[in-house]
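Tertiary structure, described
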Amino acid sequence: MMKRLASGTGTLSSKNDAMVVWPSSSGLQKLPYEMMANIAMSLSIEEIFDLSLCCRHFQYLVTEDSFCKHIVRAKAQFSLEAQQAEREGGYARALRRLVKRRRAIAEARPYVVAIVGLADSHVFSSGKLCYVHEEDIAQKWLRILDLHNPSGQETVIDIPRLTEEAIPRSKNCQDYSFSVIHSAEGITSCLYSFTLPEPEDWLLIIDTENHELVGAILLESTIRLFVRNSGAYLYYGTHSEYGADGFRKWVLRFFDMTKRHLSRRKIHLSNLVGYEIGSTVCFEIIDGYLYGLSNQTAFEVEEIDWTSYYYCFRFRLDEPDPDKTQIMKKRDCWRRQHAEGPIDDRWGFLKLEKDETTGKLRIIESRKEWLTGQSGNRRSYYTTNVVFKDEGEGTADEESEDNTENNLPDDPLTMLLESSSNPNYMPPPERLPRSIHAGDDGTIYGLSKTHLRSYFYASETFLDLIDDPSPIAACTQRLRIRAGKKMAAQSLELPVASTSSSFRSFKGKEKVTEVQNRIIMWPEDPEDPEDGCSDPTLEKLSRIMNPKDHQGDVYTTNDERSIVYTTGGGTAGSLRALVWLSFDPAAKLTGPWRRSGGLVTSPEAHEELGCENGYAGARENASSNRYGKAVHSLDHDEAGGDAIKRVVAGVSGTYPQHAEALSESSTANTFVLAEGASDWARVEKAMYTYLPRQYV
């Protein structure tokens, strides 16, 4: 469609992923502003961005705030970029930033790769990196760095002083542990455990923006402890109490942070099956509701069964009443038919995500399956819309309305059912192509070598962080991103399994969609097999992603914009290196820089690919060099404008001229005490500004 629309501006061709436009003076250029707005509304936000690159006359499509405001609100109202634009303005910047983030993920090319600290453990959530740094028992800090809005500083909490204020009688205790559980809305929750003389576990709730201890709660159990919070309410839960059937169940507690009050009543989730958060169960706070989700519906395996469902519920944060809990109907929670084949649960993940365009919630699940009639396995990514009735219409009693026990299939196995059987059956609904992304078999890299498994719905891309050693150094860690972008597909007719439990029986044929993936590995191999030459930029990049003396034992986390992982720490007392990979084109690290500090970006060389300032009247062209790295140039039409050329490689290049300007003098660790803050909380220069050379 873009080629047809842009044809009025000249002939469009593609060569080496570069757009070539032959100039013309007719077509869309002469259309009125209002008509172009109507045309833009029929395009995707990515197509609008591409149209703006075709000709300088179309630059206003992505530079005029009044125009971009309607585009962003109509097509990406619930994205992070749109929410920031609502608060601060700058819709044109939000549009460009959004498109480039999605494409950076699809192309597996982050804009920033840097070592941002050394830690014993970390949690990354809502753009905040919380990590514990310990030198000895008396010197232990919780450091909080905002990676979405870096300022060169980070909040530093003295853990011994904090715990002394929270539980004074633990002051002299030397045998204790401290870990971060969750961080959101400026609230960080931590688990503090000590023995004096009996073991005690405390949940410490900290307002990290105002440097205030909100609450300290003595826990009855820490079995699979999780915390979720909004700005006013906090819920924590454990998988710790046994039901009448002898199975362990989830139980929640409610804490009102405005009143500093812990509810005495427990919320028992007797019907929520599963215990592995992120794999079989999921809890999230979204838009004033606490959501719970499970991909299992029974504590015991049914010998005769046909259909698998999700179990999803929600209740208002200010009304944790079981009678007002809403539960999705079974007809909306269909997951799969058992006859589709067995699943390898080790590879799966489960999450709830809000659509960037509509704001509606969806379930995203990854499953590694041996599909019917196939000898090999395949990872697939499924999405299911979360559907609830209006508040007050659906209650927990409605679950009985979806009982399908009396509507069983015409199958000989139904004759073997007993009164104690609890079978599930539902005719499988049609799976829309948009709701499934078929990946690949994943047999090249084993589970132990695949440290991150994620899926980005807006980019239609699955992304893994894998350990892919070089053939010349097979025992040396080499972490790389492996991404699979969903490409154009074709319709095929494949056999469909019958409702019988026999995996060999089929009935008829059904038109399904064969999904093809464009697989990208990043970084590329630093050595060119053709001439044996190596790229020093890629070699340096590999050293940053795999820091010397900090390899092995990789632990990863991610959000919509970034991946953060720790590597190393194999020996007792050794710290792990914290590595940050950002797909946000506006991401940057500020503050002093070391000449060879291992950072692959600099403030001077990274401003949204040159589109942050002075974008108006500019034309951005792209081509590729021999390593497949995009080479972007920005030619300014304004008088005195200098052409900016930069190697992107998914990461802004660090050039010798920039390296000369990097500061090496700031090694002092200057503390700044926030006004009115507690003596255990400080604002300090970020650790990445003074990392010792031996760590990078």
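Residues numbered from 1 in each chain as written. Predicted model: local features only at pLDDT ≥ 70, side-chain atom pairs only at ≥ 80, totals over all residues. Heavy atoms only, no water.

1. Structural notes on the overall build of the protein
Each helix and strand in the protein was counted, giving nine helices and 40 strands. In the protein, which comprises 696 residues, the share counted as buried stands at 51%. Counting contacts in the protein only where the partners sit at least 6 residues apart, residues at least 24 apart contribute 57% of the total. Taken as a whole, the protein presents about 32300 Å² of accessible surface, with 48% of it coming from carbon and sulfur. (Helix = DSSP H or I, 4+ residues; strand = E, 2+ residues; numbered from the N terminus. Buried < 20%, exposed > 50% of the residue type's maximum accessible area, 1.4 Å probe, protein only. Contact = heavy atoms within 4.5 Å. Areas by Shrake-Rupley, 256 points an atom, 1.4 Å probe, with all protein chains shown as cover.)

2. Some details on the sheet that holds strand β10 (residues 199-207)
A sheet is described by the order of its strands in space; here four strands give the open sequence β8-β9-β10-β11, paired in antiparallel fashion. The open sheet is flanked by β8 (176-184) and β11 (212-218), the only strands paired with a single partner. Across the sheet, the mean angle from the axis of one strand to that of its neighbour is 20 degrees, orientation sign disregarded. Here strand β9 (residues 187-195) runs beside β10; their pairing, made up of nine bridges, is antiparallel. Its bridge partner lying in β10, Ser189 is registered against Ile205. Running over the sheet, helix α7 (residues 159-166) touches β8, β9, β10 and β11 and is turned about 90 degrees from β8. (Pairing = 2+ DSSP bridges. Axes fitted to C-alpha atoms, helices over the stretch in contact; angles between N-to-C directions.)

3. A word on helix α8 (residues 536-545)
All of the buried residues along α8 are Leu538, Leu541, Ile544 and Met545. Taken around the axis of α8, the buried residues stretch over an arc of 115 degrees, which confines them to a single face. Check the buried side of α8 and you find it contacts β3 (112-119), β29 (479-486), β32 (517-522), β34 (562-568) and β35 (576-582). (Arc of directions from axis to C-beta.)

4. Observations concerning the packing of aromatic side chains
Applying the stated criterion to the full structure yields 19 aromatic pairs. Between Phe226 and Trp250, the ring centres sit 5.7 Å apart and the planes meet at 70 degrees, which makes this aromatic pair edge-to-face. A residue pair is termed long-range when its members are at least 10 positions apart, and Phe226 in strand β12 (residues 226-229) and Trp250 in strand β14 (residues 248-256) qualify at 24 residues. Residue Phe226 shares its accessibility class with Trp250, and that shared class is buried. Centroid distance Tyr381 to Phe462: 5.4 Å. Interplanar angle 15 degrees. Geometry classified as stacked. (Phe/Tyr/Trp six-rings, centres within 6.5 Å; stacked < 30°, edge-to-face > 60°.)

5. Concerning the confidence of the model for the protein
When the pLDDT values of the protein are averaged, the result is 77; 71% of them are 70 or greater. Low pLDDT, under 50, characterises residues 1-25; the predicted model gives this stretch 52 contacts beyond four residues in sequence or across chains. Throughout residues 592-676 the model reports pLDDT below 50, and contacts reaching past four residues in sequence, or to other chains, amount to 193 contacts. (pLDDT = per-residue confidence, 0-100.)

6. Here we look at the sheet that holds strand β26 (residues 436-438)
In space, the four strands of this open sheet follow the order β23-β24-β25-β26, with antiparallel pairing throughout. Looking along the sheet, the strands with just one partner apiece sit at the ends: β23 (343-354) and β26. With strand direction ignored, the average angle separating the axes of adjacent strands in the sheet is 15 degrees. Of the strand pairs in this sheet, strand β24 (residues 361-369) and strand β25 (residues 378-385) are connected by eight bridges, and their pairing is antiparallel. If you follow Ser366 over to β25, its bridge partner there is Tyr381.

7. Brief notes about the packing of helix α2 (residues 33-41) against helix α4 (residues 65-75)
Viewed as axis vectors pointing N to C, α2 and α4 meet at an angle of 20 degrees, and their least axial separation amounts to 11 Å. One way to sum up the angle between α2 and α4 is to call them roughly parallel. When you trace α2 past α4, the crossing you get is right-handed. Contacts between α2 and α4 involve Tyr33, Met36, Ala37, Ala40 and Met41 on the former and, on the latter, Ser66, Phe67, His70, Ile71, Ala74 and Lys75. Tallied by class, residues from the contact of α2 with α4 come to eight nonpolar, two polar and one charged. (Parallel < 35°, antiparallel > 145°, perpendicular 65-115°, else oblique. Left-handed = near helix turned anticlockwise from the far one by under 90°. Nonpolar A, V, L, I, M, F, W, Y, C, P; charged D, E, K, R; others polar.)

8. A closer look at the environment of Ala586
Positionally, Ala586 belongs in the loop between β35 and β36 (618-624). Separated by 493 residues in sequence, Ala586 and Arg93 place their C-alpha atoms 9.5 Å apart.

9. Here we look at the pattern of salt bridges
For the structure shown, the criterion picks out 40 salt bridges. A salt bridge links Glu134 to Lys140; the nearest nitrogen and oxygen atoms lie 3.7 Å apart. Arg480 is the partner of Asp468 in a salt bridge, and the nearest nitrogen-oxygen pair spans 2.8 Å. Here Asp468 is found in the loop between β28 (461-467) and β29, whereas its partner Arg480 is found in strand β29, with 12 residues between them in sequence. Note on accessibility: Asp468 and Arg480 belong to one class, buried. Within the structure, one salt-bridge network assembled from shared partners comprises Glu46, Glu81, Arg97, Arg101, Arg102, Glu356, Arg561 and Asp584. (Salt bridge = Lys/Arg side-chain N within 4 Å of Asp/Glu carboxyl O.)

10. Concerning the pairing of β25
Counting buried residues along β25, six of its eight residues qualify, which places the element largely inside the surrounding structure. Pairing geometry for β25 and β26, over three bridges, is antiparallel. Among the inter-strand pairings, Tyr382 is bridged to a residue of β26, identified as Ile436.

11. Focus: the nonpolar core
Judged by nonpolar contacts, the single largest core of 47 residues is most densely connected at Val116, Tyr565 and Leu581. With seven residues, β3 is the largest single contributor of residues to this core. The contact partners of Leu581, leaving out residues within four places of it in the chain, are Pro110, Val112, Val113, Ile481, Trp522, Met545, Arg561, Ser562, Ile563 and Tyr565. (Core = buried A, V, L, I, M, F, W, Y, C linked by side-chain atoms within 4.5 Å.)

12. Describing the side chain of Asp584
Following the sequence through the fold, Asp584 ends up in the loop between β35 and β36. In terms of polar contacts, Asp584 uses its side chain to reach the backbone amide nitrogen of Ala586, at 3.1 Å. (Polar contact = N/O pair within 3.5 Å; in protein donor to acceptor, adjacent residues only side chain to side chain.)

13. Overview of α2
Among the residues of α2, Met36, Ile39 and Ala40 are the ones counted as buried. Projected down its long axis, α2 carries its buried residues within an arc of 100 degrees, all on one side. Set apart from the buried face of α2 by more than 90 degrees, the exposed residues are Glu34 and Asn38.

14. Remarks on the pairing of β10
Sheet faces and side chains relate simply in a regular strand, where the side chains alternate between the two faces. For β10, the tally of buried residues reaches seven of nine residues, placing the bulk of the element in the interior. Where β9 hands over to β10, the hairpin turn is made up of three residues, counted between the paired strands. With six bridges joining them, β10 and β11 adopt antiparallel strand pairing. Opposite Trp202, over in β11, you have Leu218 as the bridge partner. Hairpin connection from β10 to β11: four residues lie between these consecutive antiparallel strands, with His211 at a positive phi of about 55 degrees.

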